[in-house]
Amino acid sequence: MTTPMIRPLDAQEVGKLLEWAADEGWNPGLADAPAFLAADPEGFLGCFIADEMVAGVSAVRYDSDFGFIGLYITHPDFRGKGFGRRVWDAGMAHLAGRTIGLDGVPQQQSNYRTMGFLPAYETFRWSGRVQGAHSEDVVRVGEDLLPPIVAYDRRFFPAGRQTFLAEWLKPPRITFAILRNGAINGFAVLRRCQEGFKIGPLFAENSADAESLLVVCSAQAGDEMLHIDVPGAQQTFAGFLKNHAFTRGFVTSRMYRGAPPVLDDRGVFGITTLELG
């Protein structure tokens, strides 16, 4: 057999890895690849056999202190041969010296524990529809609001991610923000996925503001399903979703290897993505 080769993926290959994610039922966004690559152009790795990608992983370096690993998939035709572990080890090496985060499904969490990852909190996927409405506090975000949103985002994410946000806030994704007295008080990004729309991140000062952003996103999405990954501690917001007939789906656990980051968890009502944190 040809010796496996590990190397960074180009945009087309990241798109292929996201197609695999769709086949697994992960429901990625339709235009995720360019923004994902902007986060770390060297952070998407593939294992290749004779020029055929057989496994892949995302291992994004946000800065010198924090990275995130995800999108870990081996093609079904090549499972059980050690290719996934090769690309995983390469991803971990790419993130060496950093606190590393991941979102783990329950059946893999014991595995991750053996690698030094410890759980921080649970996240639940909520899916449904709510009657859309507009709010006088909520504005659609243009490029002029990127600097204050980058600053606001830093309160709720373990590292600065200006390069990623500069792409994530571009069309075809739609970003809404709460603007009060010239200051950002919350924002949400809506993106079309294989099925319906996902909202992420959803950061806000309180549940009422998070609800306002969700309702405005729903107005934009029309009759299509909304999906959002909500930390388990957000009981008031989860109650709002339940009262509006959203259903709670699968659970993941945010886990960290290394010192857990210090951030304002109270304002995280929806994580950005399960792949990139």
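Residues numbered from 1 in each chain as written. Predicted model: local features only at pLDDT ≥ 70, side-chain atom pairs only at ≥ 80, totals over all residues. Heavy atoms only, no water.

A few points about helix α2 (residues 32-39)
Link 1 in the chain: For α2, the buried fraction is high: seven of the eight residues fall into the buried class.
Link 2 in the chain: Every buried residue belonging to α2 is among D32, A33, A35, F36, L37, A38 and A39, and all of these are buried.
Link 3 in the chain: Packing partners of the buried residues in α2 comprise α1 (11-23), β2 (44-49), β3 (52-61), α6 (162-168) and β9 (183-192). (Buried < 20%, exposed > 50% of the residue type's maximum accessible area, 1.4 Å probe, protein only. Helix = DSSP H or I, 4+ residues; strand = E, 2+ residues; numbered from the N terminus. Contact = heavy atoms within 4.5 Å.)

What to know about the nonpolar core
Link 1 in the chain: F44, Y62, F164, L169 and L276 are the most contacted members of the largest nonpolar core, which has 43 residues in total.
Link 2 in the chain: Listing elements by their share of this core, those giving two or more residues are α1, α2, β2, β3, β4 (66-74), α5 (146-153), α6 and β9.
Link 3 in the chain: Contacts of L169, omitting those with residues within four sequence positions, involve V141, L146, I149, T175 and V189. (Core = buried A, V, L, I, M, F, W, Y, C linked by side-chain atoms within 4.5 Å.)

With respect to the pairing of β2
The side chains of a regular strand alternate between both faces of the sheet.
Link 1 in the chain: Across the six residues of β2, six count as buried, placing the element largely inside the fold.
Link 2 in the chain: A two-sided burial pattern is seen for β2, the buried positions comprising F44, G46 and F48 on one face and L45, C47 and I49 on the other.
Link 3 in the chain: Where strand β1 (residues 5-8) meets β2, four bridges bridge the pair, whose relative direction is antiparallel. Bridging from a neighbouring strand, P8 pairs with L45 of β2.
Link 4 in the chain: Where β2 hands over to β3, the hairpin turn is made up of two residues, of which A50 adopts a positive phi near 50°. (Pairing = 2+ DSSP bridges.)

Regarding the side chain of R161
Link 1 in the chain: With respect to the helices and strands, R161 occurs in the loop between α5 and α6.
Link 2 in the chain: A polar atom in the side chain of R161 sits 3.0 Å from the side chain of T272.
Link 3 in the chain: Setting aside its immediate chain neighbours within four residues, R161 contacts Y62, D153, P201, F203, T272 and G277. (Polar contact = N/O pair within 3.5 Å; in protein donor to acceptor, adjacent residues only side chain to side chain.)

So, the pattern of salt bridges
Link 1 in the chain: If you walk through the whole model with that rule in mind, you get 14 salt bridges.
Link 2 in the chain: Two residues, D103 and R254, come together in a salt bridge whose shortest N-O distance is 2.8 Å. Of the two residues, D103 is situated in strand β5 (residues 99-104) and R254 in strand β12 (residues 247-257); the sequence distance between them amounts to 151 residues.
Link 3 in the chain: Judged by relative accessible area, which is 13%, D103 ranks as buried.
Link 4 in the chain: For R180, the salt bridge goes to D137, with nearest N and O atoms at 3.2 Å. Placement of the pair is R180 in strand β8 (residues 174-180) and D137 in the loop between β6 (118-128) and β7 (138-140), with a sequence separation of 43 residues.
Link 5 in the chain: Residue class for R180 comes out partly exposed when judged on its relative accessible area of 27%. (Salt bridge = Lys/Arg side-chain N within 4 Å of Asp/Glu carboxyl O.)

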